[in-house]
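# Coordinate analysis (summary)
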Amino acid sequence: MTQPKISLSQVEHVARLARLELSEADKERMRRELDGILSYIDTLRALQTDGVEPTSHAVPLTNVMREDEPRPSVPQTDMLANAPDPSGEFFRVPRIIEE
Amino acid sequence: MNDLETVIGLEVHAQLLTRSKMFCGCSTAFGAAPNSQTCPVCQGMPGALPVINRSAVEFGIRTALAVGCRVNEHHRFARKHYYYPDMPKNFQISQYEEPLAEHGVLDIEVGGSSRTIGIQRLHLEEDVGKLIHEGPLETAQSSTVDFNRAGVPLMEIVSRPDMRSPAEAAAYLRTLRTIVVYLGVCDGNMEEGSLRCDANVSLRPAGSPELGVKVEIKNMNSFRNVQHALEYEVKRQVRALAEGEKIVQETRLWDPERVRTVSMRSKEYAHDYRYFPEPDLPPLQVEARWVEAIRATLPELPAARRRRFAGGYGLSAYDADRLTQGRALADYFETTVREYDKPKIVANWVLNELLREMPADDDRAVAACPIPPRNLAGLLRLIDDGTISGKMAKDVFETMYRTGQDAPSIVAREGLTQVADAGELRRVVDQVLAAHPKVVEDWRGGKKAALGFLVGQVMKATLGRANPALVNQLLGEKLPKG
Amino acid sequence: MLTRLTIEDLAARFRRGEATPSQAAAAYLERIEALDGRVNAFLTVTRQAALGQAAEADARFTAGRPLSPLDGIPIALKDLLCTRGIRTTCGSRILETFVPPYDATVMARLRAAGAVLLGKLNMDEFAMGSSTEHSAFFPTRNPWDLDRVPGGSSGGSAAAAAADLAAATLGSDTGGSIRQPAAFCGTVGLKPTYGRVSRYGLIAFASSLDQIGPFAKTVADAALVLGVIAGADPRDSTSVDVPVPDYRAALEGGIAGLRVGIPAEYFIDGIDPEVEAAVKAAIEVLRGLGARPEAVSLPHTRYGLAAYYVIAPAEASSNLARYDGVKYGLRVPGGRDLIEMYGRTRAAGFGTEVKRRVMLGTYALSAGYYDAYYGKAQRVRTLVRRDFQEAFERVDVLAAPTTPGVAFTLGEKTDPLQMYLNDILTIPVNLAGLPGVSVPAGFTTSGLPIGLQLIGRAFDESTVLRAAHAYERATDWHLRKPTLEAPPR
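Residues numbered from 1 in each chain as written. Chains lettered and ligands numbered in written order. Predicted model: local features only at pLDDT ≥ 70, side-chain atom pairs only at ≥ 80, totals over all residues. Heavy atoms only, no water.

## Here's the deal with the overall build of chain C
Across its full length, chain C carries 15 helices and 11 strands. For 489 residues, the compact-globule estimate of 2.2 N^0.38 gives 23 Å, and chain C sits close to it at 21 Å. For the C-alpha atoms alone, the extent of chain C along its principal axes is close to 65 × 55 × 50 Å. In chain C, which comprises 489 residues, the proportion classed as buried is 69%. In chain C, of all internal contacts separated by at least 6 residues, the share reaching a separation of at least 24 is 76%. As presented, chain C carries roughly 14400 Å² of accessible surface, and 50% of it is formed by carbon and sulfur atoms. If you average the places of the 52 positive and of the 51 negative side-chain charges in chain C, the two averages end up 3 Å apart. (Helix = DSSP H or I, 4+ residues; strand = E, 2+ residues; numbered from the N terminus. Rg over C-alpha atoms; globule rule 2.2 N^0.38 Å. Buried < 20%, exposed > 50% of the residue type's maximum accessible area, 1.4 Å probe, protein only. Contact = heavy atoms within 4.5 Å. Areas by Shrake-Rupley, 256 points an atom, 1.4 Å probe, with all protein chains shown as cover. Lys, Arg positive; Asp, Glu negative; His and termini not counted. Charge placed at Lys NZ, Arg CZ, Asp CG, Glu CD.)

The structure is reproduced here in structure tokens:
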């Protein structure tokens, strides 16, 4: 038996970070599946990458900028049209409890 | 426990004065109807992509040069993740490992001595929207969001923990504010939120190289609040340590109503920002030529101008400092001196009369002053050529400020021309002496103060228009010798 | 039958007045009505709008002034491309009701070219999957065998193109999501170079890998569509300002002397022998056309999949953070507070595969794991890119199987990792940002399509398409059509 790659409490922590409510059954299944995938990803460890630059963009570009010119915004009604809980000219959200 | 040292670092956020947002073309104008200045990009709609505003980057470089930062040749944006309803994408495009600039310094003056505060980094990011709670946050059943502000460019300037008192922190903030306003990159308005400040406060045994447990203070939206909040927090920590309590690392909000800081009770896991390089934005390569082109457009900064005012115009250090607190005020002073070449007199009028009407650092008010520099110079020339007295000039100044008219028009309209005709004044002097024989006797008896009374009577009889020097001269001639 | 015609032939009929765009749109809409109940390629059919656009195109042809080679051509888009005023779901419950107020750049360019939009196509939720079984709404069927999957994530786009439910379609390819379903459905699918086509309005899965591309009946049609949608876009900072050649014209000239690299690592253990045989036969066809096949090595191929399953979920976990029930899409009400609303909305709005990847990506980026996972994967990505760079110093294109196997049956792959292995031969191309195409290259004995993958240098779509076109001319696999019409009673 190899050491599990991820524990149930780590799954719970990550689910909190990702704002995903998981049932107890979900958590255990998720842990098992992530464990399998992470074990596979561990094959990368075999590869020596010291001194290799990371690639974050497939095509190397730099200094892509636009001029500071205002353009018309999208009308308020269009931007509010998809709101699940609009309140007048605003988006409404339930009670905020600070973490 | 007496030998505790206060350690303060500040994180200042300045909204940049660009016309459009950081990553889209929506206007940054203040005061529009809620959610009327948004688009798919700044509202974080599916599929929308950011594009960097060149002016925002240039404003960042401008500021970096002004505070002596090294502009990084290579910098990039990164995503900072946390969930909050005012942040449309639930990540903020910011900068992390490769910020725009690092390693700057700012000289501040506190109580007549100078100190150098280190600047750790300067980076760009996007602002969040505005949340409006139904009543206080703790009891609000719901809140509403306006995304107009979301995506407005912000520059964050992080100091080193180099400040040793709340007064130094306030001085640092004031100095930094003056610079960003001088540079034209931020309007510096703390009450409206275009300049914001968070502080990290800790205590340690004096001389210790290690930092104590730091507490982050937020919600200080004025200079006065910054100083009060930090003074309160330092006292709170001193008291806590004296009572054997431990300082906990936390975020506390300044409550200006109750004059204290209040814990936000944040949990550990809330702060895993999961930064990674923004894949939608290629990195920036800042070439030396670009930096030098921006450096060439830098205005003279407050510290240099202060030195030049003191040296070149022979002003006191105090006056030079006050005159350079705002770029507009300093410009006003210099424009006036160009028309009227007596710097000390101009300085006195600007500092004593003009600043009675407006704060020194309020550029907008100074720029809109109803007495333009040319008119102030005109007023001062009327004193020099004897048309009006200095005392009269102060009244004329007030009328100029009220009406926007120039000095000669007011003097002419109100018939304020000074009486400098010796013949006319001699008659008035004779009448005054005749009317007050007792006072004349007193003077003869050695009571020197009597002269002042007589001058006053002459001025009164001429409705203040008599040339004071001439009145003195004539009284000297007419009064019997002791 | 108008729906059988290539774009080129259909446009020629429009020009000669032998058919009108309205007739073509009506023919396709009728075919969708008749057959899509079995294929399930469409999530939304925009019938009225399509007929209106077609009528406008009619007028342009009557006046003799068509807008472009695509004027009046009926097309359909994968449902992750934003369409103004038309629901765009991304195959997810969380966006089931989302109506974008704007058009994706590709949609705007297709509109400007006069193309007629028939509707929006099914897909794996948020483009995460290789079978279209992860659509939140229903699975799409493979037109060659309705019990099998069409591949994914652009399964709806591939099936619609293969079943002649649109003259051409657009999909997106993050790890193979155009090429793999094109291979499974026996159609042409092109993934252009990263930066060739604007991603503005493409609902992001993994921003540094996603790229939009066409499915078409022929390579020439794919070239025509690419010519319309390609080019720099000021709204996408990662789009590249490289001139857009005339891709259609670039198809001609043959492939004599073309150096074709055969990467040994793409003929892996476990590859379906029929696929291997078909691809090797295809290489011989290329040789017969004057090309010079030679062996090359891409030694880091085997690490591509693992690197991808760090990078793509990490970026996805970030891109999907915005679906929180505040601004658009689903909200599950009734929670006590905001955090509960977030948790319930996202739990109900995302399917299992999306949750799995969001969890994986969040984990890979979280404190203490970044270097071991994301940082490491980005370095491996560099090694994969270098492999290609070195190979392209010796050869002009690479030829390989698109997939190790052929279309599998619905519900057959239940283990996530087994599903991921489908993309092992397509993922390295995304990591390197290169163009790749899958063209029909034969059938298994049971009648399932096999795809040949051709890979080119960055921004050298012309060579890739020319090789594909030469191969297509020399074979007739692309002329075979699935039988979908209901058997006579």
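From this point, the discussion proceeds with the structure in view.
## Side note on the packing of helix α1 (residues 54-66) of chain B against helix α2 (residues 166-183) of chain B
All names here are of chain B. The contact between α1 and α2 brings their axes to 10 Å, and the two run at 130 degrees. In terms of orientation, α1 and α2 fall into the oblique class. Seen from above, α1 lies across α2 with right-handed handedness. Where α1 abuts α2, its residues Arg62, Thr63 and Ala66 lie against Ile179, Val180 and Leu183. In terms of residue class, the contact of α1 with α2 is made up of 4 nonpolar, 1 polar and 1 charged. (Axes fitted to C-alpha atoms, helices over the stretch in contact; angles between N-to-C directions. Parallel < 35°, antiparallel > 145°, perpendicular 65-115°, else oblique. Left-handed = near helix turned anticlockwise from the far one by under 90°. Nonpolar A, V, L, I, M, F, W, Y, C, P; charged D, E, K, R; others polar.)

## Here we look at the domain arrangement of chain C
Residue and element names in this part refer to chain C. We note that the domain assignment places domain 1 (2-250) and domain 2 (302-379) within chain C. Centre-to-centre, using C-alpha coordinates, domain 1 lies 28 Å away from domain 2. In this complex, domain 1 contributes 20 residues to the contact, which on the side of domain 2 involves 20 residues. Interface area for domain 1 against domain 2, summed over the two sides, is near 1600 Å², with a carbon-plus-sulfur share of 66%. Connecting domain 1 to domain 2 are 0 salt bridges. Between the two partners, domain 1 and domain 2, sit 9 residue pairs in polar contact (both at pLDDT 80 or more). A class-by-class count of the residues in the side of domain 1 that touches domain 2 yields 10 nonpolar, 8 polar and 2 charged. (Domains from an automatic or database assignment. Buried area = accessible area lost by both parts, 1.4 Å probe. Salt bridge = Lys/Arg side-chain N within 4 Å of Asp/Glu carboxyl O. Polar contact = N/O pair within 3.5 Å; in protein donor to acceptor, adjacent residues only side chain to side chain.)

## Let's talk about the packing of α2 of chain B against helix α3 (residues 223-242) of chain B
All names here are of chain B. Packing of α2 against α3 brings their axes to within 9 Å, and their N-to-C directions diverge by 155 degrees. Looking at the two axes, α2 sits roughly antiparallel to α3. In this structure, α2 crosses over α3, and the sense of that crossing is right-handed. Of the residues in α3, those in contact with Pro166, Ala167, Ala169, Ala170, Leu173, Arg174 and Arg177 of α2 are Phe223, Val226, Gln227, Leu230, Glu231 and Val234. Tallied by class, residues from the contact of α2 with α3 come to 9 nonpolar, 1 polar and 3 charged.

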